[in-house]
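Observations on the model geometry
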Amino acid sequence: MPPLREVIRRHGLSASKALGQNFLFDHQLLARIARVPGDIAGAEVFEVGPGPGGLTRALLEAGASVTAVERDRRCIPALAELGDFFPGKLAVIEGDALEVDAPALFQGKPHVVANLPYNVGTALLIGWLSTAWEPWWASLTLMFQKEVAERIVAPVGSESYGRLAVLAQWRSTPRIAMTVHRSAFTPPPKVMSAVVHIVSAAAPDGVRLAVLEGLTGAAFGQRRKMLRQSLKGVPGALTAMEQLGIESSRRAETVSVAEYVALARALS
Ligand SMILES: C[S@@+](CC[C@H](N)C(=O)[O-])C[C@H]1O[C@@H](n2cnc3c(N)ncnc32)[C@H](O)[C@@H]1O
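Please read all numbers here as calculations on a predicted model, not as lab measurements.

Moving on to the domain arrangement of the protein chain. Domain parsing of the protein chain yields domain 1 (4–200) and domain 2 (209–267). When each unit is reduced to the centre of its C-alpha atoms, the spacing between domain 1 and domain 2 is 33 Å. Counted by class, the side of domain 1 that touches domain 2 contains 4 nonpolar, 4 polar and 1 charged residues.

This is how it looks when you write it as structure tokens:
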């Protein structure tokens with residue numbers, strides 16, 4: 001296979017700021033990211049935003065079958081060329097990952113792997129955590145700016161703890177698998193990055209996601225306020241808090257994921 005930098009030069013793939021493009025070239029680093037989901041030999045992988053295909057190569061080299069969605073038309077010929085080295089193992093779809101019906105693309109449960117611009121990555125993550133449960137994916141391995149990764153894994157009581165932490169933790173287990181220095185990217189972004197790995201867990205019984213989201217939206221919408229104030233507008237919340245022994249003078253960031261789940265169950 002030709003070196004990645006040569007592919008980029010030949011296809012004129014200068015990084016586009018508008019598309020949030022920061023490319024990774026370090027072969028060892030890419031191989032480490034491809035190992036985060038575990039042994040993917042023979043497994044299906046859904047890659048979002050392959051760009052010139054650095055991570056795609058690493059996933060294919062690890063033995064996966066990759067279906068990739070890329071929005072930048074310029075990258076498609078370079079990805080097709082990569083596919084020629086792994087016959088039958090790479091399918092590329094030109095399109096917007098926010099609009100693609102991803103579950104329909106797979107027979108089994110794919111591992112999802114993505115290095116995306118942060119706004120797109122967060123929107124997709126929220127969608128992937130909000131699907132019917134058990135989810136259609138086997139695991140999520142996603143690059144984020146470090147601060148967003150910290151919000152996903154944040155423990156109760158920490159500054160980063162909020163709606164995203166509760167959504168990511170109430171029926172799945174997220175962890176930061178590795179941090180990635182900004183200098184690893186071309187061009188380097190302003191901030192550090194981290195790879196988050198998420199596997200699903202059993203959903204707690206009797207809890208509706210919409211109710212949980214309503215609660216956390218209200219509570220963290222006014223995170224400095226006491227719960228008796230911030231949850232005043234959520235029907236039944238104050239009574240449920242009392243029944244569950246959750247002090248109404250507490251603030252949103254002191255309420256654990258299990259306590260939000262118990263409250264949502266009482267209101268579901
Ligand atoms: C940060 S770059 C990463 C490229 C490559 N995966 C790497 O690690 O070097 C993000 C990629 O996502 C693509 N992208 C951005 N928004 C997208 C969207 N909504 N759907 C699909 N791809 C998108 C960009 O064109 C770009 O190729």
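With that out of the way, let us pick up the site of the ligand. Around the ligand, a shell composed of 24 residues is seen, among which Gly 49, Gly 51, Asp 72, Ala 97 and Asn 115 lie nearest. Listed by contribution, the elements that provide at least two residues to the shell around the ligand are β1 (23–24), α3 (54–61) and β3 (65–70). The residue inventory of the shell around the ligand, partitioned by class, reads 13 nonpolar, 7 polar and 4 charged.

A cis amide bond, omega -10°, links Trp 133 with the succeeding residue Glu 134. By secondary structure assignment, the location of Glu 134 is in the loop between α5 (118–129) and β6 (139–145). Following Thr 186, the chain continues into Pro 187 via a peptide bond in cis, with omega recorded as -10°. Tracing the chain through its elements places Pro 187 in the loop between β8 (185–186) and β9 (193–200).

Here the focus is the confidence of the model for the protein chain. Looking at the protein chain as a whole, its pLDDT mean stands at 97, while 100% of the residues score no less than 70. Overall fold confidence for the complex sits at a pTM of 0.97, while the interface term, ipTM, reaches 0.99.

The sheet built from 7 strands is open, its strands ordered β4-β3-β2-β5-β6-β9-β7 with mixed pairing. Two strands bound the open sheet, and with one partner strand each, they are β4 (90–94) and β7 (172–180). Averaged over all pairs of adjacent strands, the angle between strand axes in this sheet comes to 20°, irrespective of strand direction. Where strand β5 (residues 111–115) and β6 come together, 5 bridges link them in parallel fashion. Each residue of the ladder has a partner; that of Val 112, found in β6, is Leu 140.

Analysis parameters
Residues numbered from 1 in each chain as written. Predicted model: local features only at pLDDT ≥ 70, side-chain atom pairs only at ≥ 80, totals over all residues. Domains from an automatic or database assignment. Nonpolar A, V, L, I, M, F, W, Y, C, P; charged D, E, K, R; others polar. Near = placed C-beta within 6 Å. Helix = DSSP H or I, 4+ residues; strand = E, 2+ residues; numbered from the N terminus. pLDDT = per-residue confidence, 0-100. Pairing = 2+ DSSP bridges. Axes fitted to C-alpha atoms, helices over the stretch in contact; angles between N-to-C directions.

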